[in-house]
Amino acid sequence: MITATDLKLTFGKGTPLENPALRGMSLTVNQGEFVTVIGSNGAGKSTFLNALAGEVMVDSGKIIVDNQDVTKLPTYKRAGRVARVFQDPLAGTCEGLTIEENLSLAIKRGQRRGLSAAVKARYMDQFKNSLASLNLGLENRLGDKMGLLSGGQRQAVSLLMASLTPSAILLLDEHTAALDPKTASFVLELTTQIIKEQKLTALMVTHSMKQALEVGDRTVMLHQGQVVFDIAGKDREGLEVKDLLELFEKQRGLEITDDSLLLG
Amino acid sequence: MLSNIAFYGAIETGLIYGLVAFGIYISFRVLDFPDLTVDGSFPLGAAVAAVLIIEGVNPWLATGAAVIAGMGAGAVTALLNVKLNILNLLASILTMIALYSVNLRIMGRPNIALLTEETVLTPWYNLDLEYHQVPVVLFTLVVLAGLVLLWRFMKSETGLAMRATGANPRMARAQGIATGAMIVLGVALSNGLVGLAGALFAQSQGAADVTMGVGVIVIGLASLIGGEAVLTPSSVVRALIACVIGAIIYRLAIALALNADFLGLQAQDLNLITAVLVTLAIVLPGVRTSVAARFTRNKA
């Protein structure tokens, strides 16, 4: 479970470029929930995810992950509880390292690293099985350099790496946005499959309202650094993009002008 | 051509610079941390070892102390970068400059002669070997030991974390790697190796001198880049072997250049030759591909 309470964060404080990214953001994600997050550009989606991961420190507010206050902890100290897949398919893996080396890095996420060999024979069955589930033939290419893989393949491996060890929450930051439509739907399918199979708690930021309603079991919309609405269960069933827009306009008295949000 | 002595001399210094190249491989290649501290940590290693040896300390202990001193210097550079957010290159220049004073303080004078002292090499002269082969044999063993240890380390969990830190720090942090600590450890390790090289160099050359560090970074880089041009560093072990090969080729090339009478080069031309060789080593692989591309295009 993860609880964010009244998060505030302003970039460039005291400068002409002052930009309040989070203005009292509060959200609780319960165990086993798969929450999709939408919002237009500048709504604070990525900042919120970065704040949860520890890449940026909030000015005020509190972040609790599995009953531990992590507000002041740097990224690497949260990594044992917080798993992550980035938007950039190249960001989640090391291209100079082999597939098995990347997976071996991920299997020790948040744990002490010693001087024993990083790539261990006893990992191999698990690596091969999980790679085989991707149906990309990567289980036979464990010794290949990551850089030889395509963006989609690398994103699929990033997803595997994030789910190799248990975590309190899996953060997905528009992780299909940089892929071509076919690969994007493959990675999205894989995401829902992994989250379902392993009963993961996940927070997925997306730019597409359609996607946000199609996957997961709860949808949260951010606007100007706050949660503007939060729907789940019966209210969310059968909801379409236009309903979502109406909901938004009713709540805010605003019209959505971000084309990409409507078209996505 | 080269005399026997010049040949073994080139191999001997080549092996020592192989250790420097190991260090530069860790900072420049593994961590992507351009570190000029080595110009200071090389004479630091020499100074520490020399002072302890003339005090009567066991030469191997003195050499060990030089390694620790080098690691300390590297740690200072890394901490300036990690904790105080000083640009890595600038942090290393600051440490390098500071070390000049530190080295003078340690030695108490600009140079210390070791010609009559017992060094790590002394017992080896009792072996049935030619005089100028002795350092080559001992340093080969040291370099091999260093290569194997470094290779094992780079394949370990911590070593892999260090490689990830240099290649993709954001990903490394997300995997729970304390990237700052990895940089400190890596740069310390790198300068420890350079300190070792300095200590061995002083003992084989018979003196420690405060100016002996000038240009060590360039020689180390020349070895690294030259080695990579000869042996593609597709794996850690190949990259490490390339370091040694590059360093030996570099020293042989220098020895040849200085011994080729028709070129008319003299010892003072060393740094100029080095700069030219490094430039060639950087440019040539690119020229080779573009020439090859031109030929294939013409054929088509």
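Residues numbered from 1 in each chain as written. Chains lettered and ligands numbered in written order. Predicted model: local features only at pLDDT ≥ 70, side-chain atom pairs only at ≥ 80, totals over all residues.

1. Focus: the overall build of chain A
Reasoning step 1: Along chain A, the regular secondary structure elements total 10 helices and 10 strands.
Reasoning step 2: Taken against the 2.2 N^0.38 rule, which gives 18 Å for 264 residues, the C-alpha radius of gyration of chain A at 19 Å falls within 12% of a compact globule.
Reasoning step 3: Along the longest, intermediate and shortest principal axes, the C-alpha atoms of chain A span 60 × 40 × 35 Å.
Reasoning step 4: When the 264 residues of chain A are sorted by exposure, 43% land in the buried category.
Reasoning step 5: Restricting to contacts in chain A with at least 6 residues of sequence separation, those with at least 24 account for 70%. (Helix = DSSP H or I, 4+ residues; strand = E, 2+ residues; numbered from the N terminus. Rg over C-alpha atoms; globule rule 2.2 N^0.38 Å. Buried ≥ 20, exposed ≤ 12 C-beta atoms within 10 Å, placed from the backbone. Contact = placed C-beta atoms within 7 Å.)

2. Side note on the overall build of chain B
Reasoning step 1: Looking only at helices and strands, one finds 11 helices and 2 strands in chain B.
Reasoning step 2: Taking 2.2 N^0.38 as the reference for a compact globule, 300 residues should give roughly 19 Å; the C-alpha atoms of chain B span a radius of gyration of 20 Å, in line with that estimate.
Reasoning step 3: Oriented by its inertia axes, the alpha-carbon framework of chain B measures out at about 65 × 55 × 35 Å.
Reasoning step 4: Classification of the 300 residues of chain B by burial places 51% in the buried group.
Reasoning step 5: Long-range contacts, defined here as pairs at least 24 residues apart, represent 78% of the contacts in chain B between residues at least 6 apart.

3. Concerning the packing of helix α1 (residues 4-30) of chain B against helix α8 (residues 179-205) of chain B
All names here are of chain B.
Reasoning step 1: With their axes 8 Å apart at the nearest point, α1 and α8 run at an angle of 170° to one another. Classified by the interaxial angle, the pair formed by α1 and α8 is roughly antiparallel. Read as a crossing pair, α1 and α8 show a hand that is left-handed. Side by side, α1 and α8 meet where Glu 12, Ile 16, Tyr 17, Leu 19, Val 20, Phe 22, Gly 23, Ile 26, Ser 27 and Val 30 of the first sit next to Gly 186, Val 187, Leu 189, Ser 190, Asn 191, Leu 193, Val 194, Leu 196, Ala 197, Leu 200, Phe 201 and Ser 204 of the second. (Axes fitted to C-alpha atoms, helices over the stretch in contact; angles between N-to-C directions. Parallel < 35°, antiparallel > 145°, perpendicular 65-115°, else oblique. Left-handed = near helix turned anticlockwise from the far one by under 90°.)

4. Some words on the sheet that holds strand β9 (residues 218-223) of chain A
All names here are of chain A.
Reasoning step 1: Strand order across the open sheet formed by 6 strands is β6-β7-β8-β3-β9-β10, with mixed pairing between neighbours. Two strands close off the open sheet at either side, each with one partner strand: β6 (82-85) and β10 (226-232). Averaged over all adjacent pairs, the angle separating strand axes in this sheet is 20°, with direction ignored.
Reasoning step 2: Pairing of strand β3 (residues 34-38) with β9 involves 4 bridges; the strand directions are parallel. (Pairing = 2+ DSSP bridges.)

5. Some remarks on the environment of Asp230(A)
All names here are of chain A.
Reasoning step 1: Here Asp 230 shows up in strand β10.
Reasoning step 2: Among the residues examined, Asp 230 registers 15 C-beta atoms within 10 Å and is labelled partly exposed.
Reasoning step 3: For Asp 230 and Ala 156, which are 74 residues apart along the polypeptide, the C-alpha to C-alpha distance reads 29 Å.

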